[in-house]
Structure formats: C-alpha cells, structure tokens
Amino acid sequence: LVYEKLRRKLMIMFANEHGLPGFKATDRELDEAIRSGIIRYNGIEFNCSEQVEETAREVAQKIAKEILTTWSTETSRLDAILVTGGGSSVFAKYLAEEFEHYKRQGFKVLEAPQFANVIGFYMYGSIGLVEQYGADTVYEQYVKPVFGGM
C-alpha cells in the first residue's frame, strides 16, 4: 500500500515538476526515499520528502481507521499498542495524531523497530523450547548468546 501510493505520487512529481514522464521508482529507490526524502535519478538528487510525508499521513489515517473500526473502544482497555517494523518511524507522528483525534490511548514505537518483529518471533520460538529442553538450557543456548546476560 505504502509503496504503490508513494510510487504514484513520485510518477506525478517527476512528470509534472521535472519533465520526466515514465519515471517509475524501484522498491530500492522507495526505501531510500522513505529513509532520506531523496531520490537519486539520472545523476541528480530530487527532494521527495513532501510526497513521503503525504503518503505516510494517508496510510496512517487508513491504519488508524482500521484499528479503531476493528477494535472499537477496546483500544482503551489495552496497556499498550506496540508499533514495529522499519516504517514505524515514518508513521509514528501521524498515527499519534489520529489516535489523539479519536481520543484513544497512544502507542509506543519500539527501539530498533525494524528488528522488533524478528526478535519477538525468536523469543517466542525460544519459549516454545522450554518444555522440551528446560528453561536453563534454552536460556544458555538460545537467549544468552543473542541477547547477552539480560
């Protein structure tokens, strides 16, 4: 959703503002645009931060609407809503605005959000091994080498 919306906005920008019709950003270029607000094309850096921000706001509105429609007032009963994934830093402020607008509790963007999902699944898998190998063995063999002494 994010890539397709941003790709369309960039096609329009390149055609209308830079006279480059037919430009279609690659996924790699979109990643770079989201991280830096810049697209490098034809040896030139193009500022596309406005298109990135616009897209982030639109997608955040859609995400918030889906969450609030699906969970309704149950979001107010949660201790926390955790936002993970590499794009979470882009959406965080717009999600916060949406949740504030609907008077719902906020959420927390985890540290190193781009790795949070994989770390969570790793820990979940490690916990699943406790019954088979015991907590001490799982800690020593699977947790400690990856996360240190925690």
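Rules behind the numbers
- Residues numbered from 1 in each chain as written.
- Predicted model: local features only at pLDDT ≥ 70, side-chain atom pairs only at ≥ 80, totals over all residues.
- Heavy atoms only, no water.
- Helix = DSSP H or I, 4+ residues; strand = E, 2+ residues; numbered from the N terminus.
- Buried < 20%, exposed > 50% of the residue type's maximum accessible area, 1.4 Å probe, protein only.
- Contact = heavy atoms within 4.5 Å.
- Salt bridge = Lys/Arg side-chain N within 4 Å of Asp/Glu carboxyl O.
- 1 Å grid on protein atoms, 1.4 Å probe; cavity = no way out; pocket = protein on both sides within 12 Å on 5 of 7 lines; lining within 4 Å.
- Points joined across faces, edges and corners; volume = space filled by probe spheres on them.
- Axes fitted to C-alpha atoms, helices over the stretch in contact; angles between N-to-C directions.
- Parallel < 35°, antiparallel > 145°, perpendicular 65-115°, else oblique.
- Left-handed = near helix turned anticlockwise from the far one by under 90°.
- Nonpolar A, V, L, I, M, F, W, Y, C, P; charged D, E, K, R; others polar.

By the element assignment, Thr75 lies in the loop between helix 3 (49-71) and strand 3 (82-83). Take Thr75: its relative accessible area is 0%, and that puts it in the buried class. Filtering out sequence-adjacent residues up to four positions away, Thr75 remains in contact with Ile67, Leu68, Ile81, Arg104 and Gln105.

Counted by the stated rule, this structure contains 11 salt bridges. Ionic pairing is found between Arg7 and Asp27, a salt bridge with its closest N-O pair at 2.5 Å. Of the two residues, Arg7 sits in helix 1 (residues 2-18) while Asp27 sits in helix 2 (residues 27-36), which places them 20 residues apart along the sequence. Asp27 gets classed as partly exposed once you look at its relative accessible area, which sits at 43%. Here Arg40 and Glu45 are joined by a salt bridge, their closest N and O atoms 3.2 Å apart. Given a relative accessible area of 46%, Arg40 falls into the partly exposed group. Through salt bridges with shared partners, one network takes in Lys5, Lys9, Glu54 and Glu58.

Let's shift gears to unusual backbone geometry. Generally, phi is negative for residues other than glycine and the peptide bonds are trans, each holding for most cases. The backbone phi angle of Ser72 is positive, close to 50 degrees, even though this residue is not glycine. Note on placement: Ser72 falls in the loop between helix 3 and strand 3. One non-glycine residue, Ala112, lies in the positive phi region at around 45 degrees. Tracing the chain through its elements places Ala112 in the loop between strand 4 (108-109) and helix 5 (113-128).

In this structure, the largest pocket encloses a volume near 260 Å³. Lining the largest pocket are 14 residues, with Asp31, Ile34, Gly86, Gly87 and Val90 sitting closest to its centre. Elements that contribute at least two residues to the lining of the largest pocket include exactly helix 1, helix 2, helix 3 and helix 4 (88-101).

Attention shifts here to the packing of helix 3 against helix 4. Contact pair helix 3 / helix 4: the axes reach a minimum separation of 8 Å and the direction vectors enclose 50 degrees. Relative to helix 4, helix 3 is oriented oblique. Seen along the crossing, helix 3 lies across helix 4 with a hand that is right-handed. Here helix 3 contributes Glu53, Ala56, Arg57, Val59, Ala60, Gln61, Ile63, Ala64, Ile67 and Leu68 to the contact with helix 4, which in turn contributes Val90, Phe91, Lys93, Tyr94, Leu95, Glu97, Glu98 and Phe99. Looking at the contact of helix 3 with helix 4 residue by residue, the class counts come to 12 nonpolar, 1 polar and 5 charged.

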